[in-house]
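If you want the building blocks of each chain, they are given just below.
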Amino acid sequence: MARFWTRLMVVLTLILGVNYIGWRWAASLNWDAWWIAVPLIVAETYSLIDVLLFGMTVWRLKERTGAPPARPDATVDVFVTTYNEPLEMVMNTALAAARIRHPHSTWILDDGDRPELRQLAAEHGLGYVTRGEDWANKPRHAKAGNLNNALMVTAGEFLLILDADQVPEPDILEKTLGYFNNRKVALVQTPQYFTNVPGDDPLGSQAPLFYGPIQQGKDGWNAAFFCGSNAVLRREALMELGLLGYVRETEKSIRRALAASKKAIRQGRKAADADSPLVGAMLDEVEAAIAQADSQLAAGKSLSELTYEVQRKVGAAVRTLVQADVHALQADLQEIAAMDLAAVGDTGVKVITDEAVQRLSAREWSPLGAMESVQAVLDALTVERAGEAQPLMPLATISVTEDMATAMRMHARGWQSVYHHEILAYGLAPEDIGTMMTQRLRWAQGTMQVLLRENPLTQRGLKWGQRLMYFSTMWSYLSGFAAIVYFAAPAIYLLLGILPVSSLSADFFIRFIPFMVVNQVLFAVAGRGIPTWRGQQYSLALFPTWIKACTTAARNVWFGRPLGFAVTPKSRQSGGPRWSLIRPQLAVAALLVVAAVAGTVRLATGLAEPVGTLVNVAWVVFDLLVLSVLFKAVRYRGHGPGANPTDPCNLSPDFPVETERNLDGA
Amino acid sequence: MELSHQAKGSYTEVLASGRLNMVSAPTLRAYVGEVVSSGSSRIVVNLAQTSFMDSSGLGALIGCLKAARQAGGDLRIAAVQPQVKMVLELTSMDRVLTSYSTTEEAFGND
């Protein structure tokens, strides 16, 4: 029955929403004020698409009844990932992980490489993994790198991944492993729930709408995704991604190197001694070898064979050059000896051994090193993936949030995922607004990186439902731009009397009000009473964070600029309220208050008309209520030990909703 | 590679900074050749700032030795860095070109 009402509301939202937005585009734009009219209709259209994607998500809401019993012999590695969290916190989680009932090995993945933690792990008989020497001077890839490193030294069929603060229940594997009896299931995600959050959740830490109807809806489309922690993954699926990625990246790098080789050799010729026929001859050999590799690649020859051949030929050419250097050198020595025997030494002219020639020809000391461009091309013509610490990178490294990208690639390969809606681990949320904003920024940046690098709408292998489920999450992170318009439009009317709509007549209200009402009812019905207000507030109030995420991710993906990425601190930050963190929002709030006063004065002096003023003042009040969440958040000093945590065993309905992880539907 | 030289009384010091490789070897050869032909045939090549040497670089150094000897002088090297030392040992050229720890010591005995 709930499903019927949800779907009815989705259909009504679609009809009334298209009716309203269609009319807005067709008949209501105030073209005299196009500079605000167009942004506003674009923002409204954005919001309609956002709510329709939410409607599509909950259309297929899947309520699972639990997993079948797990295979008792299924082998599992439990990974507790840490970077700089307090040792006490890590050990608390790791010891709880060790107490999980299904047979497993527990590993602490310490990216901080702390000797004290290594010792603690040893004392308690837990595995301890840290990066080896292979990672020196190579991209570290943050948490994805940490997990990829551990995947190479462990062997369990399944992996339970836990953040350092996520204390698991002993039955977490018994409740989730059985889903893998279906050979196509690669991922089981469970909710992330935080115990250090008061009932009114000022920082919007809990995510019951996301770890609820949204993931359940995505599950219905076989698109429930990996959220980085509290999830079980199938090693085979990850390894498959690692292998495919290795082949793809190797081929890409070889193609790129071949494409750049002509220019590189030209540069090499310019740099080298123009008069030396030997160097010229060597470069001719290198050029010929590369040209042959190019045609072999086109003919479909295997990458390992063609790169081996290039390296062998180039090696021979380099050896010829070194040999020539050595011959010339020995000829010089002969001449010197003829001039003055004693100075050369009593054993006669030194003979340079073949071994020495080999060594002088090897990569490390090769004369080709002098031609950086040529050496770079040759370095890329290998299958060793020398730029990375290890050839296989099973967890995606294209984004700072490796989880979503990895899940999308699994889905594209035909694997299935499961969302198990039961809290099986208890974590700690950020306790101050600065840390919270850093965390949201990181998630938003990561999501945008995935959108820009591997747009779900164009990924092969994904079904259209899956594409839209991923896209929906990404779309929701664009809300910062819409928020600016929603703040600006009423301020502009109240201050300047400029209305973006041609008139606020009955035509407007009979279309707008039913849409707004059905929209709210949809959230109420789909959320089964979970209030969505906190999520709506943050999706608009954190607009500078969302916009920064979009711009930094775009600069990162398109121009290779760093993101300015920071690890989310798990422990409380000290100091007084940091109002500077929300300076743009304070400015917006002040502007809105001034606008409301000015609008009232304009009305009183007959400069403005009553309906427009009333509607826009109401809008300003709504905007201020949205922003008000931050005033509380800035002053929030963490959850005291005496506070009463909400019952952690179910997602209690009196819990303030929020959509922190994901702004879907907000 | 950057090159400079300075007369030090009984000898001339040539200071070579950078990588002595296939690209820079001909430059060194020409530079020392000019110093020798300008009348200074007792040369100390200060390799304190030379971080790398390949077979071409080694060839150039021996070529410079030949030029100095032909002019009736000698060429010595000083302040050799680890990679260059390894190349010299590998090719037994350390027996031909003794490495002194400082430029002052290179012609200290004569």
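Procedures and definitions
- Residues numbered from 1 in each chain as written.
- Chains lettered and ligands numbered in written order.
- Predicted model: local features only at pLDDT ≥ 70, side-chain atom pairs only at ≥ 80, totals over all residues.
- Helix = DSSP H or I, 4+ residues; strand = E, 2+ residues; numbered from the N terminus.
- Buried ≥ 20, exposed ≤ 12 C-beta atoms within 10 Å, placed from the backbone.
- Pairing = 2+ DSSP bridges.
- Contact = placed C-beta atoms within 7 Å.
- Domains from an automatic or database assignment.
- pLDDT = per-residue confidence, 0-100.
- Core = buried A, V, L, I, M, F, W, Y, C linked by C-beta atoms within 7 Å.
- Axes fitted to C-alpha atoms, helices over the stretch in contact; angles between N-to-C directions.
- Right-handed = clockwise from strand over helix to strand, strands pointing away.

Remarks on unusual backbone geometry
Residue and element names in this part refer to chain A.
Phase 1: Even without being glycine, N137 reaches a positive phi, approximately 60°.
Phase 2: In this fold, N137 is placed in the loop between β3 (127-129) and α5 (142-151).
Phase 3: A positive phi angle is found at D201, which is not glycine, with a value near 40°.
Phase 4: In this structure, D201 sits in the loop between β7 (193-194) and α7 (210-220).
Phase 5: Residue D201 is classed as buried on the basis of its C-beta count, with 24 C-beta atoms lying within 10 Å.

Section: the sheet that holds strand β10 (residues 425-427) of chain A
Phase 1: Spatially, β5-β10-β7 (chain A) is the arrangement adopted by the three strands of the open sheet, whose pairing is mixed. Edge positions in the sheet fall to β5 (167-168) and β7 of chain A, since each of these pairs with one other strand and no more.

Some thoughts on the interface of chain B and chain A
Phase 1: At the junction of the two partners, chain B supplies 21 residues and chain A supplies 27 residues.
Phase 2: For the side of chain B that touches chain A, the element with the most residues is helix α2 (residues 55-70) of chain B, which contributes nine residues.

Notes on the domain arrangement of chain A
Phase 1: The domains assigned to chain A are domain 1 (2-59 + 466-541 + 574-635), domain 2 (76-243 + 397-432) and domain 3 (273-370).
Phase 2: Placing a centre on the C-alpha atoms of domain 1 of chain A and another on those of domain 3 of chain A gives a separation of 70 Å.

Overview of the confidence of the model for chain B
Phase 1: With 99% of its residues at a pLDDT of 70 or more, chain B shows a mean pLDDT of 92.
Phase 2: Interface confidence for the predicted complex, expressed as ipTM, amounts to 0.91; the pTM equals 0.80.

Description of the nonpolar core
Phase 1: In this structure, F79(A), V80(A), L160(A) and L233(A) are the most contacted members of the largest nonpolar core, which totals 124 residues.
Phase 2: Here this core spans two domains, since at least three of its residues come from each of domain 1 (2-59 + 466-541 + 574-635) and domain 2 (76-243 + 397-432) of chain A.
Phase 3: When residues no more than four places from it in sequence are discounted, the contact partners of L160(A) are V76(A), V78(A), F79(A), I172(A), L173(A) and V232(A).
Phase 4: Within the second largest apolar cluster, 69 residues are counted, among which are Y11(B), V14(B), L47(B) and M93(B).

Re helix α14 (residues 402-412) of chain A
Residue and element names in this part refer to chain A.
Phase 1: Counting buried residues in α14 gives ten out of eleven residues, a clear majority hidden from the surface.
Phase 2: Of all the positions in α14, only E402, D403, M404, A405, T406, A407, M408, R409, M410 and H411 are classed as buried.
Phase 3: After α14 finishes, the residue G414 shows a positive phi value of roughly 95°.

Topic: the sheet that holds strand β6 (residues 185-189) of chain A
Residue and element names in this part refer to chain A.
Phase 1: Here seven strands make up an open sheet; going across it, the order is β3-β2-β1-β4-β8-β6-β9 and the pairing mixed. Each edge of the sheet is formed by a strand with only one pairing partner; in this case those strands are β3 and β9 (416-419). The sheet shows a mean angle of 25° between the axes of neighbouring strands, taken without regard to direction.
Phase 2: As judged from the three bridges shared by strand β2 (residues 105-110) and β3, these two strands associate in the parallel manner. Among the inter-strand pairings, L109 is bridged to a residue of β3, identified as V129.
Phase 3: Running at roughly 170° to strand β1 (residues 76-82), helix α3 (residues 87-98) makes contact with β1, β2 and β4 (158-163) of the sheet.
Phase 4: Across the sheet, α7 is in contact with β6 and β9; its angle to β9 comes to roughly 150°.

Considering the confidence of the model for chain A
Phase 1: Residue-level pLDDT values for chain A average 89, and 92% of them are 70 or greater.
Phase 2: Here residues 642-666 of chain A scores under 50 on pLDDT; set against residues more than four positions off or in separate chains, the count is 82 contacts.

A short note on the pairing of β2(A)
Residues and elements named next belong to chain A.
Phase 1: With respect to burial, β2 is a largely interior element, five of its six residues being buried.
Phase 2: Note that β1 and β2 share six bridges and pair parallel. Paired with T81 across the two strands is L109, which belongs to β2.
Phase 3: With α3 bridging β1 and the parallel β2, this β-α-β connection has right-handed handedness.

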